[in-house]
Amino acid sequence: MSARIIDGVKHAKQLRAGLAAEISEFERSTGVRPKLTVVLVGSDAASRLYVSNKAKACRDVGIESATVALPASVTLPELLAVIDAANEDKTVHGILVQLPLPAHLPVRAVLERISVDKDVDGFHMYNVGGLVVGSTVFSPCTPYGVQKLLEAEQIPIAGQNVVVVGASNIVGKPTALMLMQKDATVCICHAKTRDLAQFTILADILVVAAGRPNLILAPMVKTGAVVIDVGINRLPDGRIVGDVDFEAVRLKASHITPVPGGVGPMTITMLLHNTLVAARALSGQ
């Protein structure tokens, strides 16, 4: 067996083409162009690259984007004032604070300051908590991208055993909650899980978001499983890899995402989707 490679670039391109058409029609009928404001604190190279990629993706589909760049020394009141201004700006429909933040800035307090109606990253406590009861305004972009990849590949979710490795508030927990809403039976594993393989070997769908290269080896994966690798790790030689031993696991899995080129493009795509949803809601559509 050799797994089908889930091409996140292809699926993202198809979804973005549809979004571009929807955005064009929305702007034509309302005179409103969706706008995303990104707040970038500090000069971290990876963060600057992510913000640049998001800005390009916005341009490609017709979303206006603006980046507010602040020094790493910015104070909490100064940062909150920037968020407040974006909250009040009726031309801004989505607000994203690029993470990570410098250590002196409390992440939760910053994210909670973003208006729920403009929290297109889905990190506000209301949106995260809403996943439990299925009434969130915006789903977090990476878990949403995982779900959309499964749907695009016509992989059944209902009734499947899903194991999520990684219990972060950004990826692991929201992914588990979203797949539970699709009637999967979900198990969450984390850094203190004993004998991880005894759980992963039972997974029909294995989602890995732990940030550890080669954490998942072939003997830990059930033959025919669907493997979604959310991990992004830079090796000493400069290569970017996921959390899964890709070459070995692809010989056992039925489907597998590559790194890069798997979940990553879908994350930005769902950010674009959420921004359009926010623009429609704030415009009364």
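Up top you'll find the structure we're talking about.
Caption draft 1: Highlighting the environment of Asp-119. Secondary-structure assignment places Asp-119 in the loop between helix 4 (107–113) and helix 5 (125–133). Ignoring any residue separated from it by four or fewer positions in sequence, one finds Asp-119 in contact with Ile-95, Ile-114, His-124, Asn-127 and Phe-138. At a separation of 2.6 Å, a polar atom in the side chain of Asp-119 contacts the side chain of Asn-127.

Caption draft 2: How the structure looks around the side chain of Arg-16. Tracing the backbone through its elements, the reader meets Arg-16 in helix 1 (residues 8–30). No salt bridge is formed by the buried Arg-16; its nearest oppositely charged neighbour, Asp-60, is found at 5.2 Å. Each residue touching Arg-16, except ones within four places of it in the same chain, is listed here: Ala-57, Val-61, Pro-265, Ile-268, Thr-269 and Leu-272.

Caption draft 3: Region of interest: the pattern of salt bridges. Here the structure, examined in full by the defined rule, presents 13 salt bridges. The closest approach of N and O atoms between Arg-250 and Glu-247, which form a salt bridge, is 3.4 Å. A relative accessible area of 22% means that Arg-250 is categorised as partly exposed. A single network of salt bridges, built from pairs that share partners, joins Lys-148, Glu-151 and Lys-182.

Caption draft 4: Representation of empty space enclosed by the protein within the structure. For the structure on display, the rule yields one cavity of 30 Å³ or more. The space that makes up the largest cavity amounts to roughly 30 Å³. Residue assignment for the lining of the largest cavity shows that the elements contributing at least two residues are strand 2 (35–41), helix 2 (45–61) and strand 3 (64–70). By residue class, the composition of the lining of the largest cavity is five nonpolar, two polar and one charged.

Caption draft 5: Local environment of the sheet that holds strand 5 (residues 161–165). Spatially, six strands are ordered 1-11-8-7-5-6 in an open sheet, and the strand pairing comes out parallel. Each edge of the sheet is formed by a strand with only one pairing partner; in this case those strands are strand 1 (4–5) and strand 6 (185–189). Across five bridges, strand 5 lies against strand 6 in parallel orientation. Bridge pairing in strand 6 places Val-162 opposite Val-186.

Caption draft 6: Region of interest: the packing of helix 6 (residues 141–152) against helix 7 (residues 172–181). The N-to-C vectors of helix 6 and helix 7 enclose an angle of 40°; their axes lie 9 Å apart at closest approach. By the criterion of interaxial angle, the relationship of helix 6 to helix 7 is oblique. When the axes of helix 6 and helix 7 are compared, the crossing they make is right-handed. Contact with helix 6, carried on its side by Pro-143, Tyr-144, Val-146, Gln-147 and Leu-150, involves Pro-174, Thr-175, Met-178 and Leu-179 of helix 7 and no other residues of that element.

Caption draft 7: Focus on the layout of surface pockets. In this structure, the largest pocket spans a volume of roughly 1,400 Å³. As for the largest pocket, its lining consists of 45 residues, of which Tyr-50, Thr-142, Ile-232, Gly-264 and Thr-267 are closest to the centre. Looking at the lining of the largest pocket, the elements with two or more residues in it are helix 2, strand 4 (94–97), helix 6, strand 9 (233–234) and helix 10 (263–282). Taken together, the residues that form the lining of the largest pocket break down as 25 nonpolar, twelve polar and eight charged.

Caption draft 8: Here's a closer look at the nonpolar core. With 25 residues, the main nonpolar core has Leu-36, Ile-63, Val-120, Leu-271 and Leu-272 as its most contacted residues. Here this core takes seven residues from helix 10, the largest share from any one element. Once you skip the residues sitting within four places of it in the chain, Leu-36 turns out to touch Cys-58, Ile-63, Glu-64, Ser-65, Ala-66, Gly-94, Ile-95, Leu-96, Val-120, Leu-271 and Thr-275. Ranked by size, the runner-up nonpolar core spans 21 residues in total, among them Leu-149, Leu-150, Ile-155 and Ile-205.

Caption draft 9: Focus on unusual backbone geometry. Put simply, Leu-99 and Pro-100 share a cis peptide bond, and its omega is 5°. Residue Pro-260 is reached from Val-259 by a cis peptide bond, and omega for that bond is 0°. You can see Pro-260 is positioned in the loop between strand 11 (255–256) and helix 10. The phi angle at Asp-183 is positive, at roughly 70°, despite the residue not being glycine. Inspection of the secondary structure assignment puts Asp-183 in the loop between helix 7 and strand 6. In this model, Asp-195 sits at a positive phi of 50°, which is unusual for a non-glycine residue.

Definitions and cut-offs
- Every chain's residues receive numbers from 1 upward, in the order its sequence appears when written.
- Restriction of local features to residues with pLDDT of at least 70 applies here, the model being predicted, together with a cutoff of 80 or more for giving and counting side-chain atom pairs; totals for whole chains, interfaces and linings are based on all residues.
- By convention in this description, side-chain values take in all heavy atoms of the structure and omit both hydrogens and water.
- We count a stretch as a helix when DSSP gives it H or I for four or more residues in a row; a strand needs E for two or more, and each element gets its number in order from the N terminus.
- The contact rule is simple, with two residues in contact once any of their heavy atoms fall within 4.5 Å.
- Any pair of N or O atoms that falls within 3.5 Å is considered a polar contact. Within protein, one atom must be able to donate a hydrogen and the other to accept it, and sequence-neighbouring residues count only if both atoms are side-chain atoms.
- Using a 1.4 Å probe on the protein chains alone, a residue whose accessible area is under 20% of its type maximum counts as buried, one over 50% counts as exposed, and one in between counts as partly exposed.
- When charges are counted, Lys and Arg are positive and Asp and Glu negative, with His and the chain ends excluded.
- Only one rule defines a salt bridge in this text: a Lys or Arg side-chain nitrogen within 4 Å of an Asp or Glu carboxyl oxygen.
- Here a cavity denotes grid points, spaced 1 Å and computed from the protein atoms alone, that fit a 1.4 Å probe unable to get out, and a pocket denotes an open set having protein on both sides within 12 Å along at least 5 of 7 lines; residues with an atom within 4 Å of a point are the lining.
- Grid points are joined across faces, edges and corners, and a volume is the space filled by probe spheres set on the points.
- Gly falls in the polar group here, along with every residue not listed as nonpolar (Ala, Val, Leu, Ile, Met, Phe, Trp, Tyr, Cys, Pro) or charged (Asp, Glu, Lys, Arg).
- The criterion for strand pairing is that DSSP finds at least two bridges linking the strands in question.
- Simply put, an axis is a line fit to the C-alpha atoms, just over the touching stretch for a helix, and the angle between two N-to-C directions goes from 0 to 180 degrees.
- Convention used here: angles under 35 degrees read as roughly parallel, angles over 145 as roughly antiparallel, angles from 65 to 115 as roughly perpendicular, and any remaining angle as oblique.
- By the definition used in this description, the sense in which the near helix is turned from the far one sets the handedness, with an anticlockwise turn below a right angle giving left-handed and a clockwise turn giving right-handed.
- What makes a nonpolar core is a set of buried Ala, Val, Leu, Ile, Met, Phe, Trp, Tyr and Cys residues whose side-chain atoms join them at distances within 4.5 Å.

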